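# Fold and geometry: a report
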2 protein chains.
Amino acid sequence: SAYVAVSQLLGLTLLVTTGAWLGCYRGGVAWHSPLQFNVHPLCMVLGMVFLQGDALLVYRVFRNEAKRSTKALHALLHGLALLIALVGIIAVFESHRTKGIPDMYSLHSWCGMAAFVLYLLQWLLGCGFFLLPGASFSLRGRYKPQHIFFGIALFALSIAACLLGITEMLLFNIRDSYSRFVPEGVLANTLGVLLVAFGLVVGYVLTR
Amino acid sequence: SAYVAVSQLLGLTLLVTTGAWLGCYRGGVAWHSPLQFNVHPLCMVLGMVFLQGDALLVYRVFRNEAKRSTKALHALLHGLALLIALVGIIAVFESHRTKGIPDMYSLHSWCGMAAFVLYLLQWLLGCGFFLLPGASFSLRGRYKPQHIFFGIALFALSIAACLLGITEMLLFNIRDSYSRFVPEGVLANTLGVLLVAFGLVVGYVLTR
Ligand code: HEM
Ligand code: HEM
Ligand code: HEM
Ligand code: HEM
Ligand SMILES: O=C1O[C@H]([C@@H](O)CO)C(O)=C1O
């Protein structure tokens, strides 16, 4: 549908905008370097937003494929998203250790960690109920609405965590010039708006 | 139901926590004073989260009342929420003008203003479609699912805007001690978690 096309356009713009921000204003991305922190936002936007969002859309996009195939793709994309998000989490913890910054003090880190841990849990529950042969048909039926509600809620929480991370990064780096509408601030705000728009469109498609 | 009871408990805790934060650490609330800014978070949490959330629950809580009455209550509570939110918005703009701080530069202000303006629009559309006698039954039926999707999405965006506001306030006021887990930081983070929990419970009730 047109909405799916718009979501993919927004999703790609999201990645490009994140790359442009980190590349043009934050010195780029590298492991084992002072730039290791920048791996964090890149992986989180790619994993917890873009790939998670596309995994959610699988059943809607491939309506006419076999359920076996769409289910495998849904689970695989979420698994890939989890792996990339894990790399992003390791990057920020290593970068904090290198710089001697305490862990888990901020509202962003609380919301982000909650989103990540619950996302991992949701993935395990999804595999347990829908993939393992043990779960009965009626058990699957009772779990399914919970799976869908918490899936959409976690997607929203992931986007909220990204918005908080963007705000923190701007206030850490360009505190004094942010209120003068410098290009980096406007670009990062735009990234935030794109994240919200991507969430809205994916949510709209899922609830039609 | 038990979920509605939990939502109201969370909602009241939300208001108490906001009051405790502003009262114990931010000097309290007053108009025409350097404390005018503090009217902003108080009104936004009360209007855009607590009252909006309770307005959304009206049709679920009063299942057995006449539709005329629940509809009026739903519209009135949203109207009250809008008025209180307007006071909160005026407070922050006046406080910015007094202190010479530029307007609308932050991601928080962009998301917050979008949430407020779209909330006002949703209210006008709700009145237009569901209250005025002009709209036909089929028109109401076609608008209703859009009204529900955008209503829930705006509620989520309002909560996200509050989380961003909390993060900004902490980084403006306790930038250096935030990472040392000072009580104000932990209290404000807890307020953020309570906002997310309130949103989750209200969302869960609405989608059952
Ligand atoms: C769902 C996505 C995200 C998750 C799950 C997440 C998770 C986390 C976690 C758990 C920490 C704490 C690390 C520590 O205490 O050592 C953290 C820190 C941080 N993150 Fe994220 N993050 C996400 C997205 C982002 C994005 C998109 C940005 C920036 C654009 C960002 C910026 C930061 C910053 C600046 C810190 C260091 C300050 C702090 O601890 O709050 N995060 N993140
Ligand atoms: C990792 C986190 C996961 C999240 C956030 C998530 C989220 C969602 C969402 C939002 C839906 C509704 C999709 C729609 O209505 O089109 C859904 C459906 C579903 N998911 Fe997941 N999911 C996750 C993992 C898994 C896993 C690992 C499996 C195992 C195969 C799985 C199996 C299913 C099934 C069977 C459905 C129902 C499709 C249908 O019959 O309409 N999910 N999931
Ligand atoms: C849905 C709820 C909220 C909305 C709609 C909202 C809206 C706004 C708007 C439009 C501005 C810009 C004012 C200007 O440019 O002159 C602003 C500023 C601000 N708000 Fe909020 N706000 C909300 C909740 C909160 C909360 C809960 C807090 C704090 C706990 C907060 C803290 C701030 C701060 C610190 C500013 C000044 C810095 C800035 O312009 O970003 N806001 N808010
Ligand atoms: C101001 C913002 C508003 C928001 C965010 C909002 C949101 C919502 C939501 C989320 C629902 C679904 C409730 C449920 O499923 O139990 C709903 C239902 C409804 N709202 Fe609103 N609403 C707003 C204003 C209005 C106004 C002004 C009216 C005019 C009377 C109105 C009339 C209705 C009606 C008739 C329903 C359908 C109830 C039903 O038949 O189940 N809304 N609204
Ligand atoms: O005025 C109304 O319109 C909707 C619905 O009847 C339209 O199909 C509804 O619930 C009302 O109270």
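Residues numbered from 1 in each chain as written. Chains lettered and ligands numbered in written order. Predicted model: local features only at pLDDT ≥ 70, side-chain atom pairs only at ≥ 80, totals over all residues. Heavy atoms only, no water.

## Re the site of ligand 4
Residue and element names in this part refer to chain B. Close to ligand 4 lie 22 residues, the nearest being Arg60, Lys67, His74, Lys144 and His147. Interatomic distance of 2.8 Å between a side-chain N/O atom of Lys67 and an oxygen atom of ligand 4. His147 is positioned such that a nitrogen or oxygen atom in its side chain is 2.7 Å from a nitrogen atom of ligand 4. Broken down by secondary-structure element, the contributors of at least two residues to the shell around ligand 4 are helix 2 (36–61), helix 3 (67–99), helix 4 (107–130) and helix 5 (137–173). (Near = heavy atom within 4 Å. Polar contact = N/O pair within 3.5 Å; in protein donor to acceptor, adjacent residues only side chain to side chain. Helix = DSSP H or I, 4+ residues; strand = E, 2+ residues; numbered from the N terminus.)

## What to know about the site of ligand 5
Residue and element names in this part refer to chain B. Looking at ligand 5, the residues that line it are Lys67, Lys71, Phe130, Phe137, Arg140, Gly141 and Lys144. One of the side-chain nitrogen or oxygen atoms of Lys67 is found 2.6 Å away from an oxygen atom of ligand 5. Here Arg140 contributes a side-chain N or O atom positioned 2.7 Å from an oxygen atom of ligand 5. Contact with the protein chains covers 80% of the free accessible surface of ligand 5, which is 310 Å². Contributions of two or more residues to the shell around ligand 5 are made by helix 3 and helix 5. For the shell around ligand 5, the element with the highest residue contribution is helix 5, accounting for 4 residues. Considering only residue class, the shell around ligand 5 consists of 2 nonpolar, 1 polar and 4 charged. (Areas by Shrake-Rupley, 256 points an atom, 1.4 Å probe, with all protein chains shown as cover. Nonpolar A, V, L, I, M, F, W, Y, C, P; charged D, E, K, R; others polar.)

## Some remarks on the coordination of the iron atom of ligand 3
Residues and elements named next belong to chain B. Protein coordination at the iron atom of ligand 3 comes from His40 (NE2) and His108 (NE2), with a distance range of 2.0 Å. Coordination at the iron atom of ligand 3 is octahedral: its 6 donor atoms span angles of 85 to 178° at the metal. One end of the pair, His40, is in helix 2; the other, His108, is in helix 4, with 68 residues separating them in the sequence. The pair His40 / His108 is uniform in exposure class, with both members buried. (Donors = N, O, S within 2.8 Å, 3.2 Å for Na, K, Ca; no water. Tetrahedral: all angles 85-135°; square planar, octahedral: opposite > 155°, others 65-115°. Buried < 20%, exposed > 50% of the residue type's maximum accessible area, 1.4 Å probe, protein only.)

Worth remembering: the numbers are spatial, not functional.
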